[in-house]
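In case you want the letters, here they are:
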Amino acid sequence: MASLIDRSGMRGRVSAHRIDGVGTSIFTEITALAVRHGAVNLGQGFPDFAAPDFVKEAAARHIRDDHNQYAASPGVPRLRQALADDWRRRCPGAPDVDPNDEITVAAGATELLHDAVLAIVNPGDEVIVFEPAYDAYAPDIAMAGASARAVPLGQPDWTFDPGLLSAAFGPRTRALLLNTPHNPTGKVFSRAELEIVAALCQRHDVTVISDEVYSAITFDTVHVSIATLPGMFERTITIDSMGKTFSVTGWKVGWAIAPAPLSAALRAVHQFVTFTNATPFQEALADILPIAARDGYYDQLRADYRRRRDLLSAVLRAARLLPLPIGGAYFLLTDISGRGFDGDADFCRRLVSEYGVAAIPTSAFYADPSAAPTLARFCFAKKDETIAAAAPRLAALASKNPP
Ligand code: PMP
Ligand code: GLN
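What counts and how
- Residues numbered from 1 in each chain as written.
- Chains lettered and ligands numbered in written order.
- Predicted model: local features only at pLDDT ≥ 70, side-chain atom pairs only at ≥ 80, totals over all residues.
- Heavy atoms only, no water.
- Near = heavy atom within 4 Å.
- Polar contact = N/O pair within 3.5 Å; in protein donor to acceptor, adjacent residues only side chain to side chain.
- Areas by Shrake-Rupley, 256 points an atom, 1.4 Å probe, with all protein chains shown as cover.
- Nonpolar A, V, L, I, M, F, W, Y, C, P; charged D, E, K, R; others polar.
- Helix = DSSP H or I, 4+ residues; strand = E, 2+ residues; numbered from the N terminus.
- Buried < 20%, exposed > 50% of the residue type's maximum accessible area, 1.4 Å probe, protein only.
- Lys, Arg positive; Asp, Glu negative; His and termini not counted.
- Salt bridge = Lys/Arg side-chain N within 4 Å of Asp/Glu carboxyl O.
- Contact = heavy atoms within 4.5 Å.
- Axes fitted to C-alpha atoms, helices over the stretch in contact; angles between N-to-C directions.
- Parallel < 35°, antiparallel > 145°, perpendicular 65-115°, else oblique.
- Left-handed = near helix turned anticlockwise from the far one by under 90°.

Draft legend 1. The site of ligand 2, seen in detail. Surveying the vicinity of ligand 2 reveals the residues Phe 27, Gln 44, Gly 45, Tyr 134, Asn 183, Tyr 214, Lys 244, Phe 331 and Arg 377. Separating an oxygen atom of ligand 2 from a side-chain N or O atom of Gln 44 is a distance of 2.7 Å. In the environment of ligand 2, an oxygen atom lies 2.8 Å from a nitrogen or oxygen atom belonging to the side chain of Asn 183. For ligand 2, whose accessible area on its own is 300 Å², the fraction buried by protein is 78%. Taken together, the residues that form the shell around ligand 2 break down as four nonpolar, three polar and two charged.

Rendered as structure tokens:
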């Protein structure tokens, strides 16, 4: 049937140059393939298990209590107070943060990363990123009219060469985007590594945007916020989110902690991107944080994730997909070279369509995918049954495509 709307009226390009090269995210693409093929989805990072009851009850309570209208743009005051208290609990010895002008609540870390880059980076500036880099960083930097300078994290333990990092700083460097615990590698930056980053950022007067959304998910290692190092609070925007910590990625409540001048810049952008995000979920988080701190929630979360990690690790090993060691986050990487696939993207496409398991090709985290190692990322934020359901499918792969 002919369309009633004339779609031929636009001449020339309809999109702005700032989104040239911004395609569909790898997570959207792989999840769509997983749905189409009825696959076990170990691709996109989201829990498929229920959120804790105390978390859900808090949100339900605030919806019932008619917290339905706009929250204050920087976040509801009692949530900002709860986040300031939580910072004191998590970073003992670090200076307190002021909930009035050093904390901003927004629609998840994704919005805050975008806000932070737009707030401090000018066209023509450079932003240093460690590569592999989370998929949002490159578009955020490009939309600010800036360019990314990648510093490689090398296998097997994803360390960086301090010489290469130092060489990446130049007169146009405005910011450094850090991610610890790191997606996709599971690397947790050590204090010594953060000290190297901090010294260079201070020497070159560079601002750090530190993405710490997996701060609560670590194994046998301690998460250190770079903002707590001497001289760093004043030049760091620390971003975190309740999505991973409370298994509610769809609630989209994130926050940024930064000194007042950086927070003011961030708030200027946030005000006209979303202005504010869901009030009942913000109110809920204000209740949830003190309960979690009191009731051993974080130890339980780590223990649960350790079990899930070990379960997925055993399933992968049985399929002769050897997982690399991790320090945090909820992904395992396996080297799939020498298995008869034309790179990690081909592996993931065939894994989902022929064997019914979805995973993420890590080349999506590189500016030049052809230079990436051939690694597939499997998410273990999944029910035991989900991970177990992948076992026979991966075993089928192992028998057809042995190492
Ligand atoms: N940063 C990293 C490293 C992530 O893995 C994710 C996705 N979970 C985000 C940011 C986005 O977080 P949010 O869901 O709070 O927007
Ligand atoms: N952070 C999630 C991951 O790494 C995906 C989030 C998204 O789809 N934007 O899998």
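Draft legend 2. Representation of the side chain of Asp 211 within the structure. For Asp 211, the position within the fold is in strand β6 (residues 207–211). Summary of buried charges: Asp 211 has no salt-bridge partner, and the nearest side chain of opposite charge, Lys 244, is 8.1 Å away. For Asp 211, the contacting residues outside a window of four places in its chain are Leu 113, Tyr 137, Leu 178, Asn 179, Thr 180 and Ile 239.

Draft legend 3. Structural detail: the packing of helix α3 (residues 77–90) against helix α10 (residues 279–294). Contact geometry of α3 with α10 gives a least axis separation of 8 Å together with a crossing angle of 25 degrees. With respect to their mutual orientation, α3 and α10 come out roughly parallel. With respect to the hand of their crossing, α3 and α10 are arranged in left-handed fashion. Along the contact surface, α3 presents Arg 78, Leu 79, Ala 82, Leu 83, Asp 86 and Arg 89, while α10 presents Gln 282, Glu 283, Leu 285, Ala 286, Asp 287, Leu 289 and Ala 293. Classifying every residue of the contact of α3 with α10 gives seven nonpolar, one polar and five charged.

Draft legend 4. Spotlight on the pattern of salt bridges. Here the structure, examined in full by the defined rule, presents 22 salt bridges. Here Asp 53 makes a salt bridge to Lys 56, at a shortest N to O gap of 4.0 Å. One end of the pair is Asp 53 and the other is Lys 56, both in helix α2 (residues 53–64) and three residues apart, which spans about a single turn. Residue class for Asp 53 comes out exposed when judged on its relative accessible area of 53%. For Asp 346, the salt bridge identified is with Arg 350, shortest N-O distance 3.7 Å. Of this pair, Asp 346 and Arg 350 both sit in helix α12 (residues 343–355), four residues apart, which is roughly one turn of that helix. Counted as one network, the salt bridges with shared partners bring together Arg 61, Arg 78, Glu 283 and Asp 287.

Draft legend 5. Representation of the site of ligand 1. Residues in contact with ligand 1, as listed here, are Gly 108, Ala 109, Thr 110, Tyr 134, Asn 179, Asn 183, Asp 211, Val 213, Tyr 214, Ser 241, Lys 244 and Lys 252. Contacts to ligand 1 include Ala 109, whose backbone N or O atom sits 2.8 Å from an oxygen atom. Separating an oxygen atom of ligand 1 from a side-chain N or O atom of Thr 110 is a distance of 2.5 Å. Relative to its unbound accessible surface of 400 Å², ligand 1 loses 93% to contact with the protein. Each residue belonging to the shell around ligand 1 can be placed in one class, and the counts come to four nonpolar, five polar and three charged.

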